Amino acid sequence: MSSALVDDDPQGKAKLLEVLLSATQDGIVDWDLATGETTYNARWSHLLGFDGAEHVEYCASADAWRDLMHHEDSPHALKLIDDHLKQGWPLYTTVRMRHRYGGYRHIMVRGAAQRDDQYRPVRMILIFSDIDERIRGEERQRALMSALPDTLFRVRTDGLIVSVKTGVERQGSPFNALREGLTLRDTIADPRLRFRLENALAEPRPMSQAAETIGFTTKLPDGAQLHHEIRIVRSSEDELVCIVRDVTERRGLEDQLLQTQKLGAIGQLAAGVAHEINTPMQFIGDNLHFTQAAIGDVLTFLEMLRKAVNDAVHEPPSPAKLEQLAQAEIDLDFEYARDALPTAIERSLSGVERVTKIVRAMKSFAHPESDRLTPTDLRQLIESTVVVATNEWKYVADVELDLDTSLPQVPCIGGELNQVILNLIVNASHAIADVVGASGKKGKISIGASCDDFHAVIRVHDTGTGIPEHARARVFEPFFTTKEVGKGTGQGLAMAYNCVVKRHRGTIDFETELGAGTTFVIKLPLSIEGTRSGLPQ
Amino acid sequence: MTTHKVLIIDDAETMRSAVVDALTPAGFDVVTAPDGFRGIAILKERRDLSLVIIDLNMPNMSGFGVLEWMRKDASPHLPPAVFMTTEVNESVLAQAKSAGAVGWLVKPCRPEQLVAVANRILAKKSERYGS
């Protein structure tokens with residue numbers, strides 16, 4: 001047995017042709033360019049619903065293949081045939097052809113010319129294939145796809161873009177230049193996006209695996225931002241399908257929701273904070289009232305002394321005068337005023353200090369900074385959050401802080417992370433309240449911050465009830481709560497999870513023991529480079 | 001008569017040597033490049049090329065990438081481009097035409113076919129430029 005290319009053996013060729021003509025599902029037209037005569041195989045008319053006698057009748061015309069083409073399609077097809085004959089462009093086109101039973105079918109037309117040694121065409125073979133099912137399927141799919149707002153493209157693992165369906169992409173979208181036949185390198189101008197796409201392409205990914213989603217934010221020249229979500233699934237050994245969705249609006253809504261939650265929490269806290277401020281204000285007031293009265297007496301006594309001294313310049317004071325002064329000192333209780341005044345002023349100042357501290361904490365808690373990861377002093381963040389939340393914990397627990405002084409600045413979104421800490425403190429207080437009840441005893445909340453080589457670690461421990469077994473798997477689920485109606489909305493820990501895991505690429509876990517308490521452990525990456533994306537999602 | 005110089009950009013060694021073997025006996029000088037980047041480097045440097053044959057499917061930069069670069073560069077000395085592929089379909093053909101390709105070869109192509117196409121395009125070119 002040997003194998004060779006049949007092209008080189010004339011006898012083999014003739015046999016092969018015979019087999020091919022009987023086996024093919026395609027219609028074939030042999031067109032003699034010198035005489036204009038055409039020869040059709042039987043299959044040709046079967047494609048269009050003719051048979052036997054009809055075949056002879058219809059195909060007697062040399063131009064049947066042209067006449068049955070849809071009038072809208074034939075000029076283009078004839079032009080392509082001309083391009084092939086004159087310039088050698090491959091002939092490959094699809095036309096609609098009239099069917100015997102009405103309507104049109106989609107027929108793919110291919111062909112090749114036989115040429116003489118001057119490259120002049122002398123004969124043309126046209127091949128007609130019925131691809132109606134496929135085209136209709138594709139049209140259905142295209143209609144379906146064009147109804148989707150997403151951009152879809154297929155890309156080979158080497159970066160070549162195989163097909164593109166552009167969705168609703170705004171001006172400035174990095175996906176606007178995607179084009180079939182070009183590569184990612186040619187069409188994705190943003191190097192960060194390209195890098196991430198190429199990374200995703202390079203990852204070994206089994207066909208059955210669920211889509212991987214990556215997020216990407218584009219900064220526009222006017223300062224606005226576009227957010228995209230790209231889902232990637234493998235469609236074949238060396239090809240992936242990417243679905244790009246513009247999530248700018250959704251992100252905007254999410255941000256608004258987050259901001260609303262934050263404002264809601266601040267509103268809740270406001271009552272507590274008002275109370276916290278009111279107490280020192282009250283004793284500042286009391287002490288100032290006392291000071292006012294005492295100073296009045298002291299000044300009166302001083303005035304009497306001053307007069308006595310002035311008189312003494314002219315004549316020595318009489319014993320009666322001195323007796324009068326001594327009586328005045330007793331009446332005005334000068335000694336008491338002298339001793340009590342400094343204390344009253346000290347107390348007032350310490351009250352002012354307490355108010356200042358609360359106000360400063362409140363300010364740093366609510367600061368409307370950007371949603372970017374910014375180097376942040378975690379100790380200050382935790383301290384101010386504890387102060388702001390004082391009214392939440394002070395009746396049920398003492399708070400113990402153990403914040404490592406060598407903690408470096410940690411990249412985080414301060415305005416969100418303090419919300420997380422606040423939620424944990426509120427939860428801890430509620431858990432402790434369930435234990436101590438109205439007994440007047442107090443539990444303990446310990447908050448620690450430290451770091452290892454790669455992470456800052458925040459631990460929030462309470463001596464509360466612990467999390468019941470049935471709830472443990474669900475604590476981070478949105479809207480899951482074990483608290484009574486009105487006390488918990490089930491959003492605190494869900495928000496914490498979202499913030500820590502998705503925005504900071506960190507982790508949040510807990511250890512809990514029924515009756516002993518719970519410790520939540522948050523780990524935040526120390527460097528942005530250490531995270532996979534470098535940017536919050 | 002000057003010798004026409006033809007550049008072939010193809011990542012497959014066999015295709016490059018097939019083109020060299022087909023065109024050299026017919027009196028062409030053939031320069032080869034194994035990928036789009038080196039192809040572009042040659043196109044930038046040499047001003048004496050008469051024709052460039054580009055493989056469509058190459059890793060890193062496709063043939064369209066090369067053509068896109070040529071279209072943007074638009075230097076008058078850039079030669080006409082012919083694509084070469086194994087598979088053909090309607091949309092890629094239409095895209096090639098609109099991108100400015102002047103011809104298309106389907107792999108595998110016989111040596112005489114290659115020569116005929118090269119001659120035809122060069123004949124047209126000299127008609128156009130009167131050289």
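Our structure's up above, just so we're on the same page.
Rules and cut-offs
- Residues numbered from 1 in each chain as written.
- Chains lettered and ligands numbered in written order.
- Predicted model: local features only at pLDDT ≥ 70, side-chain atom pairs only at ≥ 80, totals over all residues.
- Heavy atoms only, no water.
- Pairing = 2+ DSSP bridges.
- Helix = DSSP H or I, 4+ residues; strand = E, 2+ residues; numbered from the N terminus.
- Right-handed = clockwise from strand over helix to strand, strands pointing away.
- Axes fitted to C-alpha atoms, helices over the stretch in contact; angles between N-to-C directions.
- Parallel < 35°, antiparallel > 145°, perpendicular 65-115°, else oblique.
- Left-handed = near helix turned anticlockwise from the far one by under 90°.
- Contact = heavy atoms within 4.5 Å.
- Nonpolar A, V, L, I, M, F, W, Y, C, P; charged D, E, K, R; others polar.
- Buried area = accessible area lost by both parts, 1.4 Å probe.
- Salt bridge = Lys/Arg side-chain N within 4 Å of Asp/Glu carboxyl O.
- Polar contact = N/O pair within 3.5 Å; in protein donor to acceptor, adjacent residues only side chain to side chain.

Residues and elements named next belong to chain B. Here strand β1 (residues 5-9) pairs with strand β2 (residues 29-33) via five bridges, running parallel. Across the sheet, the residue bridging to Leu 7 is Val 31, located in β2. One crossover worth recording links β1 to the parallel β2 by way of helix α1 (residues 13-23), and it is right-handed.

With that settled, the discussion passes to the packing of helix α2 (residues 36-45) of chain B against helix α3 (residues 63-73) of chain B. What describes two packed helices is the angle between their axes and the distance between those same axes. Residues and elements named next belong to chain B. It is at 9 Å that the axes of α2 and α3 come closest, and there the two elements cross at 25°. As judged from the angle between their axes, α2 and α3 are roughly parallel. Handedness of the crossing formed by α2 with α3: right-handed. Residues Gly 36, Ile 40, Leu 43 and Lys 44 of α2 form the contact with α3, whose participating residues are Val 66, Trp 69 and Met 70. Looking at the contact of α2 with α3, its residues break down into five nonpolar, one polar and one charged.

Facing the 21 residues of chain A at the interface are 28 residues of chain B. On the chain A side of the contact with chain B, Trp89(A), Tyr92(A) and Tyr119(A) bury the most area, a combined 32% of that side's loss. Remark: the boundary between chain A and chain B carries two salt bridges. The closest approach of N and O atoms between Glu68(B) and Arg179(A), which form a salt bridge, is 3.3 Å. Counting across the interface, chain A meets chain B through eight residue pairs in polar contact (both at pLDDT 80 or more). Mapped onto the side of chain A that touches chain B, the elements with two or more residues apiece are α5 (74-87), β3 (91-98) and α7 (184-187) of chain A. The element that contributes the greatest number of residues to the side of chain A that touches chain B is α5(A), accounting for four residues. Taken together, the residues that form the side of chain A that touches chain B break down as seven nonpolar, six polar and eight charged.

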